[in-house]
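A look at the structure
So the chains spell out like this:
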Amino acid sequence: MRQLERYLDTKQGLEPRTRKRHLNLLHSIFKAAERRGLVRSNPVSAVERPREPRRRWRILSPVEIGRVERAFCELVDEAQGEERAWREQARVVFLTVVSAGLRAGEVRGLRWRDVSLADPAGATLRVRETFVRGQADTPKSEKSERTIAIGRLAGELFDHRARTAFQGDDERVFCHPRTGGVLDDRRYAVTLRLALVRGKITDYVRPFHDGRHTSITNAAAAGVAPAALMA
């Protein structure tokens, strides 16, 4: 165990989350060695894990959302070709997260067959697929599989479908603008940061997690019933 602690000491310059990943890998290695009888126990279990500082949610107000949306429009106007298509899509991703409250995997897994824009009862999107850790899956619980009324977002998705080259029912709503592959989260985070800074928001905003809580918080402030929010 002391050797493991000394190893962690050499990694003090890394983020706590990164050091925990090192420990997770070592834990898996020792666990395999334990099964084969090469070691008596797993020493990683006794090591105190680095603590990550808790990050508070950064909730965007409706006014701030408007500033970020306008910043996205400016970024779109400045771009050309594939980058323009990417920024147009990134703007709609942002609006989808802060209005419909989708998780990252749900945004990646959303397909056009699950978006109903012409329903006489009102436009909706249905969450029934996620894309997590490189593979498609079902939502994490039965309650996570849900249908969401989307209001103004319907117009944005209608225009987005008209722009994208990937309009088929089985195509992903949000994807790589040239290949149709899974949405690049990192590229989206970078583009969102550009829009946030231009919108004069310099705080750290988690692209999906804070966006989801922004959606829930603003809906509650607007008077949406708690039971509806939970659903």
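Before going into details, it helps to say that this report is about the structure given with it. As the structure is a prediction and not an experimental result, all values here were calculated from the model.

**A word on the sheet that holds strand β1 (residues 115-116)**
With antiparallel pairing, the three strands of this open sheet are ordered in space as β1-β2-β5. Across the chains shown, the open sheet's two edge strands, defined by having one partner strand only, are β1 and β5 (146-149). Where β1 lies against strand β2 (residues 124-127), two bridges are found, and the strand directions are antiparallel. Bridging from a neighbouring strand, serine 116 pairs with threonine 124 of β2.

**A few points about the environment of arginine 198**
Secondary-structure assignment places arginine 198 in helix α7 (residues 185-198). Look past the residues within four positions of arginine 198 in its chain and what remains in contact with it is Ala71, Glu74, Leu75 and Glu78.

**Focus on the packing of helix α4 (residues 81-100) against helix α6 (residues 153-163)**
At a closest axis distance of 10 Å, the pairing of α4 and α6 adopts a crossing angle of 155°. In terms of axis orientation, α4 runs roughly antiparallel to α6. Note on packing geometry: the crossing formed by α4 with α6 is left-handed. Across the interface between the two elements, Glu88, Gln89, Arg91, Val92, Leu95, Thr96, Ser99 and Ala100 from α4 touch Leu153, Glu156, Leu157, His160 and Arg163 from α6. For the contact of α4 with α6, the residue count by class is five nonpolar, four polar and four charged.

Rules behind the numbers
Residues numbered from 1 in each chain as written. Predicted model: local features only at pLDDT ≥ 70, side-chain atom pairs only at ≥ 80, totals over all residues. Heavy atoms only, no water. Pairing = 2+ DSSP bridges. Helix = DSSP H or I, 4+ residues; strand = E, 2+ residues; numbered from the N terminus. Contact = heavy atoms within 4.5 Å. Axes fitted to C-alpha atoms, helices over the stretch in contact; angles between N-to-C directions. Parallel < 35°, antiparallel > 145°, perpendicular 65-115°, else oblique. Left-handed = near helix turned anticlockwise from the far one by under 90°. Nonpolar A, V, L, I, M, F, W, Y, C, P; charged D, E, K, R; others polar.

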